[in-house]
Amino acid sequence: MEPVRTCVGCRARAPRSSLVRFVAQDLVLILDETATLPGRGAWLHPTLDCFRTAIQRRAFGRALRVQGQLESTNAETKLNGRVSTMSDD
């Protein structure tokens, strides 16, 4: 049985393989494409809608237990590239 995680954006439960993992390092949100970076992770559907919802709700900070504002620009850019690549398939 595959592990199930909850998307921090839409709060829906989904198989781990259908979500992407984010971590925080020095108040910077990082897309963990291999899901192997150390530290606490937050799982998200690979859509910009879920990402923006999570940012608006400040869900990444709570899920990652980070105090302060997370820099998310680079993570959004990487996710946007990943979504574009997936839709080209």
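Residues numbered from 1 in each chain as written. Predicted model: local features only at pLDDT ≥ 70, side-chain atom pairs only at ≥ 80, totals over all residues. Heavy atoms only, no water.

What about the layout of surface pockets?
- Its volume calculated, the largest pocket comes out at about 180 Å³.
- What lines the largest pocket is Ala54, Ile55, Arg58, Ala59, Phe60, Gly61, Arg62, Val66, Gly68, Gln69, Leu70 and Ser72.
- Examining the composition of the lining of the largest pocket, we find that four residues originate from one element, helix 2 (residues 59-64), more than from any other.
- Its residues assigned to classes, the lining of the largest pocket comprises six nonpolar, four polar and two charged. (1 Å grid on protein atoms, 1.4 Å probe; cavity = no way out; pocket = protein on both sides within 12 Å on 5 of 7 lines; lining within 4 Å. Points joined across faces, edges and corners; volume = space filled by probe spheres on them. Helix = DSSP H or I, 4+ residues; strand = E, 2+ residues; numbered from the N terminus. Nonpolar A, V, L, I, M, F, W, Y, C, P; charged D, E, K, R; others polar.)

Topic: unusual backbone geometry
- A positive phi angle, near 60°, is found at Leu27, a position not held by glycine.
- Along the chain, Leu27 turns up in the loop between strand 3 (20-25) and strand 4 (28-32).
- On the basis of relative accessibility, which here comes to 39%, the residue Leu27 falls in the partly exposed class. (Buried < 20%, exposed > 50% of the residue type's maximum accessible area, 1.4 Å probe, protein only.)

Some points on the pattern of salt bridges
- Counted under the stated rule, the structure contains two salt bridges.
- Asp32 is the partner of Arg21 in a salt bridge, and the nearest nitrogen-oxygen pair spans 2.5 Å. Residue Arg21 is located in strand 3, and its partner Asp32 is located in strand 4; the two are separated by 11 residues in the primary sequence.
- In this structure Arg21 comes out as buried when scored by relative accessible area, which is 8%. (Salt bridge = Lys/Arg side-chain N within 4 Å of Asp/Glu carboxyl O.)

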